[in-house]
Amino acid sequence: NQDQAWVYVTENQTNWMGDLGSATTGVPFNRFVLPAAHDSGMYDPTTVNLIAGNYGLRSLLAACMVVIPGVGAMLGAGFEALPASQVARELINFAFTQKDDVTTLLNIGIRYFDFRPAYGYSLIGSDYPGLYHQHSFVPGVSYATFLQDMLTWLNQHPTEIVVLNLNFAQLFSDSQKPTAADLKTAMHDAQQATNTQHIQLGSKNDLGTAYDVLIQANRRLLLMNQLGFSQYEATKYDS
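The structure presented is a predicted model; accordingly, all values stated were derived computationally and were not measured.

## What about the packing of helix α6 (residues 143-156) against helix α7 (residues 180-194)?
Viewed as axis vectors pointing N to C, α6 and α7 meet at an angle of 50°, and their least axial separation amounts to 9 Å. The orientation of α6 with respect to α7, classified from their angle, is oblique. Remark: the crossing between α6 and α7 carries right-handed chirality. On α7, the residues that touch Tyr143, Leu147, Gln148, Leu151 and Thr152 of α6 are Leu183, Ala186, Met187, Ala190, Gln191, Ala193 and Thr194.

## Description of the side chain of Glu90
One can find Glu90 in helix α4 (residues 84-95). Within the buried core, Glu90 has no salt-bridge partner, and the shortest N-O distance to an opposite charge, that of Arg89, equals 7.8 Å. Separated by 2.8 Å, the side chains of Glu90 and Gln86 make a polar contact.

## Comments concerning unusual backbone geometry
In this structure, Asp39 is a non-glycine residue whose phi angle is positive, near 45°. Turning to its location among the elements, Asp39 is positioned in the loop between β1 (36-37) and α2 (46-51).

## Looking at α6
Along its 14 residues, α6 runs 20 Å from first to last C-alpha, staying within 8% of the 20 Å computed at 1.5 Å per residue. Inspection of α6 places Tyr143, Phe146, Leu147, Met150, Leu151, Trp153 and Leu154 among the buried residues, and these make up the whole buried set. All buried residues of α6 fall inside an arc of 160° around its axis, so they share one side.

## Description of the packing of aromatic side chains
This structure, assessed with the given rule, holds eleven aromatic pairs. With a centroid separation of 6.0 Å and an interplanar angle of 75°, the aromatic rings of Phe113 and Phe146 are classed as edge-to-face. Of this pair, Phe113 sits in strand β2 (residues 112-115) while Phe146 is found in helix α6, placing the two residues 33 residues apart along the sequence. Measuring from ring centre to ring centre gives 4.3 Å for Phe115 and Phe146, while their planes differ by 40°; the resulting arrangement is tilted. Residue Phe115 is located in strand β2, and its partner Phe146 is located in helix α6; the two are separated by 31 residues in the primary sequence. Taken individually, Phe115 and Phe146 each receive the classification buried, so the pair is uniform in this respect.

Conventions used here
Residues numbered from 1 in each chain as written. Predicted model: local features only at pLDDT ≥ 70, side-chain atom pairs only at ≥ 80, totals over all residues. Heavy atoms only, no water. Axes fitted to C-alpha atoms, helices over the stretch in contact; angles between N-to-C directions. Helix = DSSP H or I, 4+ residues; strand = E, 2+ residues; numbered from the N terminus. Parallel < 35°, antiparallel > 145°, perpendicular 65-115°, else oblique. Left-handed = near helix turned anticlockwise from the far one by under 90°. Contact = heavy atoms within 4.5 Å. Buried < 20%, exposed > 50% of the residue type's maximum accessible area, 1.4 Å probe, protein only. Lys, Arg positive; Asp, Glu negative; His and termini not counted. Salt bridge = Lys/Arg side-chain N within 4 Å of Asp/Glu carboxyl O. Polar contact = N/O pair within 3.5 Å; in protein donor to acceptor, adjacent residues only side chain to side chain. Expected span 1.5 Å × (residues − 1). Arc of directions from axis to C-beta. Phe/Tyr/Trp six-rings, centres within 6.5 Å; stacked < 30°, edge-to-face > 60°.

This is how it looks when you write it as structure tokens:
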């Protein structure tokens, strides 16, 4: 018998980089301290609700889940008897890390995003083809939606720069990993869909470049990937 409410008590942070004004002229981008979001695509329950009744998912849960102190409810074999709504709630409790979508996160000042694009695990992935943020075997938002929302926002806020860290941390199986070509196609398609081909992609090589120079070049989406094959590969830059 309780309710929760979140209240943001802060000044408007939508354009905080641009709001710094002349103080950023000539300042290398690596001098910025960027608020970040962990598992930033784990906020959309649409696909979790879709697969909550999937037999393969229930079999997987029955085989691999254990009792977690404080969680309550039935775990392990008990999952097979739970209604779909309860299965979805348990998955959300287990895997979701954000309550806000990418647009809201950007509006409150987040500029560094941890995203883990992958395919669904083989037992359940056929129910939702395509790339999603995957926390183990639990899907969050689709990668296409995430990219399109981010690119649309960047197009509307020309003074802001965003860092995107793509990685494969904590996937349930290596079989979920996309190829470099898959990810390149996803980015290309997202820019096509949002008409944002003018927004240039950057890399770790741009960290020492002055903020105002990056803005003038419209190089405003920097990829710091940890995928093992990307031209935008970087060591871990977050804390």
